[in-house]
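This is what each chain is made of:
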Amino acid sequence: MPASMKMYGKHRFPGRLFIVEGIDGSGKSTQLSLLHKWLESEGYVASFSEWNSSPLVRDVTKRGKKKKMLTPMTFSLIHATDFADRTEHDIIPPLKAGAVVLADRYIYTAFARDVVRGVHPDWVRSLYGFAVKPTVAFYFRTPLDVATKRILGGRDAMKYYEAGMDLDLSDDIEESFRIFQGRIIEEYEKMVEEFGLVVIDATLSIEEQQLEMRRIVTEALTGTKKTRVRRWLDLASLGKAPQE
Amino acid sequence: MARFSFFGEGPPGIELEELKGKMVVLEGTDGVGRSTHVSLLKQWLENNGHAVLDTGMTRSALAGKRLRQAKEGHTLGGITMSLFYTTDFADRLENEMIPALRAGFVVLTDRYIYSLMARSIVRGADPEWIANVCSFALKPDAVLYLRLNIDDLVTRVIQTKGFDYWESGMDLHLGADRYDSFVEYQRRLLAQFDSMVEAYGFEVVDASGSIEEVFDDLKQRIARVVEPERASGAGKGKQ
């Protein structure tokens, strides 16, 4: 922990942080991965951080989910622990070094899910007070039926917590998913203004959405240096061509 | 009216009116004898006919094992450790302490959110942030703060178990070796606990006496909470 812990909006780093948010099936991960490839082809060093991926905390989350041991409170706290680990290891150091950091889901995912589970909105916001404020936070706005179709068509099985089955909304997992995700959409919509989320219409074609993202990111990258690591070819040419 | 309340907003789904038991917290720095007294007090309370739940840090079913492993590896950052401890605490609060209070138990806990806050703040956490994070906790009936000054604490730790990595705050690089580090780390923790005495209504218990003396002191204080009607007349008898 730094000597004086910086709170949301107070960090000053040379790097840039772009994050995507939206319900399952909104297509945000596809868009982020396209953006990642483009940034690298443009010569930026971009690192990637995914929700719920810290190795040490993951086992606790996994076991807690599998054994259905999690209450809304511990669900919230274990995800915040995971996020803290990623903030301290994967997000802050590259930002300090001037790199571009991309995150699939961010604190707004927790604000939406935890509040739908009954956790107090103010408490969960203060819980994540240590988070770095993103340079741009994209929200992929998706009508519920579009997302549901994508999820039902694509993945093998819906998971207990992802469908909000712990909330006893319905015995039918698909019905529960629909109600749960519907409520999450409501929370996201409230946050658009609260946190200045940049809305992308996720019903547009993949290409159109990506163009829009790249336009906004290009603007936000002004002043960021391209820090591409030289490749073998570049290094080989260094020896031959005179410098400057 | 409910006997209990939360510091701030509590976890969802808890009816405070249902909580009938009593909650007593033992707090203090490392090496003041908290765990010794928890086990003595548990026995004494049970002998007097009270059902007792004793609990303490890193003992949760959910996160306890992993948290202890994380401490051995020394790989987690400060904010992460604070939240990991809070997760462990929340699991015990919801799945052990609250059900026990519902059933009318005396909950005797070795450390509470105060230790969690003190160690976080000493490691650089924003005090307001960690207090907010911990605000879902129940306000206990009594917080008995076992206090030793730093010199007595050092003497006691040398005589017992020696200087542990975490209890010496070695992750903070405060001193040249474990002794220097232990003294500086515990001094800072002590300052944090002292600053909480008034804000959180701690009862300061002088821990410099013999085990028997401290135990007698604690018994009287707990009797006031657990058996208020009898405690008024209770001195040193066989309470």
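**Focus: the overall build of chain B**
Assigned secondary structure in chain B consists of nine helices and five strands. Secondary structure elements of chain B, listed N to C terminal, follow the sequence β-α-β-α-α-β-α-α-β-α-α-β-α-α. What you see for chain B is a C-alpha radius of gyration of 18 Å, in line with the 18 Å of a compact globule of 239 residues. In terms of principal-axis extent, the alpha carbons of chain B reach across some 55 × 45 × 30 Å. Expressed as a percentage of the 239 residues in chain B, the buried residues total 53%. If you take every contact in chain B between residues at least 6 apart in sequence, the share linking residues at least 24 apart comes to 75%. Just so you have it, chain B exposes about 10100 Å², and 46% of that area is on carbon and sulfur atoms. In chain B, the 28 positive side-chain charges and the 35 negative ones have mean positions that sit 4 Å from each other.

**Section: the overall build of chain A**
Secondary structure summary: chain A contains nine helices and five strands in total. Ordered by position from N to C terminus, the α and β elements of chain A give β-α-β-α-α-β-α-α-β-α-α-β-α-α. Sorting the 244 residues of chain A into buried and exposed places 51% on the buried side. When contacts within chain A are restricted to residue pairs at least 6 apart in sequence, those whose partners lie at least 24 apart make up 79%. About 11900 Å² of surface is accessible on chain A, with carbon and sulfur atoms providing 53% of the total.

**Here we look at the sheet that holds strand S1 (residues 16–21) of chain A**
All names here are of chain A. Strand order in the open sheet made by the five strands is S2-S3-S1-S4-S5, with parallel pairing throughout. Every other strand in the sheet has two partners, leaving strand S2 (46–50) and strand S5 (198–201) as the edge strands with one partner each. Across the sheet, the axes of successive neighbouring strands diverge by a mean angle of 20 degrees, strand direction being ignored. Of the strands in this sheet, S1, S2, strand S3 (100–104) and strand S4 (136–141) touch helix H1 (residues 28–41), which is tilted by about 165 degrees from S3. With respect to the sheet, helix H8 (residues 206–220) is in contact with S1, S4 and S5, its orientation differing from that of S4 by roughly 165 degrees.

**Some points on the confidence of the model for chain B**
Predicted coordinates in areas of low pLDDT are best not read in detail. Averaged over chain B, the pLDDT score is 90; the fraction of residues at 70 or greater is 95%. Per-residue pLDDT stays below 50 along residues 234–239 of chain B; that stretch engages in nine contacts with residues further than four places along the chain or on separate chains.

**A word on the pattern of salt bridges**
Charged atoms that come close allow side chains of opposite charge to pair. Residue and element names in this part refer to chain A. Following the criterion strictly, the structure yields 24 salt bridges over all chains and no others. Where glutamate 162 meets lysine 65, a salt bridge forms, and the shortest distance between an N and an O atom there is 3.9 Å. Linking glutamate 162 in the loop between helix H6 (144–154) and helix H7 (173–195) with lysine 65 in helix H2 (residues 55–66), this pair joins segments that are 97 residues apart in sequence. Across the pair arginine 86 and aspartate 82 runs a salt bridge whose closest N-O atoms are separated by 3.1 Å. Separated by four residues within a single helix, arginine 86 and aspartate 82 lie in helix H3 (residues 72–96), roughly one turn from each other. For the pair shown, arginine 86 and aspartate 82 are each scored as buried. Here the residues in one salt-bridge network are Glu174, Glu175 and Arg178, joined through shared partners.

**A look at unusual backbone geometry**
Positive phi is not limited to glycine here, since A:Arg105 has a value of about 75 degrees. One can find A:Arg105 in the loop between S3 and helix H4 (107–116). One non-glycine residue, B:Arg111, adopts positive backbone phi at about 80 degrees. Inspection of the secondary structure assignment puts B:Arg111 in the loop between strand S3 (106–110) and helix H4 (113–122). Among the residues examined, B:Arg111 registers a relative accessible area of 15% and is labelled buried.

**Concerning the sheet that holds strand S1 (residues 22–27) of chain B**
Residue and element names in this part refer to chain B. Pairing is parallel across the open sheet formed by five strands, whose spatial order is S2-S3-S1-S4-S5. In this open sheet, the two strands that pair with only one neighbour each are strand S2 (52–56) and strand S5 (203–206). Taking each pair of neighbouring strands and ignoring which way they run, the sheet shows an average axis angle of 20 degrees. Note that S1 and strand S4 (residues 142–147) share four bridges and pair parallel. Note that in S4 the partner of valine 24 across the bridge is alanine 142.

**A closer look at the side chain of B:Ser181**
Residue and element names in this part refer to chain B. Among the secondary structure elements, serine 181 is positioned in helix H7 (residues 178–199). You can call serine 181 buried: its relative accessible area is 1%. Apart from the residues lying within four places of it in its own chain, the contact partners of serine 181 are Ser168, Gly169, Met170, Leu174 and Gly175.

**A few points about the interface of chain B and chain A**
Facing the 33 residues of chain B at the interface are 35 residues of chain A. Of the roughly 2800 Å² buried between chain B and chain A, counting both surfaces, carbon and sulfur atoms make up 70%. One can count one salt bridge joining chain B with chain A. For B:Arg66, the salt bridge identified is with A:Asp59, shortest N-O distance 2.3 Å. If you list the elements that add at least two residues to the side of chain B that touches chain A, you get helix H2 (64–73), helix H3 (78–102) and helix H5 (127–133) of chain B. It is H3(B) that provides the largest number of residues to the side of chain B that touches chain A, a total of 12 residues. When the residues that make up the side of chain B that touches chain A are grouped by side-chain class, the tally is 15 nonpolar, 12 polar and six charged.

**Re the packing of aromatic side chains**
Centre-to-centre distance and the angle between the planes together describe a pair of aromatic rings. Under the criterion given, the structure shown has 24 aromatic pairs over all chains. Ring geometry for B:Tyr145 against B:Phe193: centres 5.7 Å apart, planes inclined by 35 degrees, an arrangement best described as tilted. Of this pair, B:Tyr145 sits in strand S4 while B:Phe193 sits in helix H7, and the two are 48 residues apart along the sequence. The residues B:Tyr145 and B:Phe193 share a single accessibility class, namely buried. Directly above the aromatic system of A:Phe75 lies the positively charged group of A:Arg117, at a separation of 4.1 Å from the ring centroid.

Quick notes on the rules
- Residues numbered from 1 in each chain as written.
- Chains lettered and ligands numbered in written order.
- Predicted model: local features only at pLDDT ≥ 70, side-chain atom pairs only at ≥ 80, totals over all residues.
- Heavy atoms only, no water.
- Helix = DSSP H or I, 4+ residues; strand = E, 2+ residues; numbered from the N terminus.
- Rg over C-alpha atoms; globule rule 2.2 N^0.38 Å.
- Buried < 20%, exposed > 50% of the residue type's maximum accessible area, 1.4 Å probe, protein only.
- Contact = heavy atoms within 4.5 Å.
- Areas by Shrake-Rupley, 256 points an atom, 1.4 Å probe, with all protein chains shown as cover.
- Lys, Arg positive; Asp, Glu negative; His and termini not counted.
- Charge placed at Lys NZ, Arg CZ, Asp CG, Glu CD.
- Pairing = 2+ DSSP bridges.
- Axes fitted to C-alpha atoms, helices over the stretch in contact; angles between N-to-C directions.
- pLDDT = per-residue confidence, 0-100.
- Salt bridge = Lys/Arg side-chain N within 4 Å of Asp/Glu carboxyl O.
- Buried area = accessible area lost by both parts, 1.4 Å probe.
- Nonpolar A, V, L, I, M, F, W, Y, C, P; charged D, E, K, R; others polar.
- Phe/Tyr/Trp six-rings, centres within 6.5 Å; stacked < 30°, edge-to-face > 60°.
- Lys NZ or Arg CZ within 6 Å of the ring centre and 35° of its normal.

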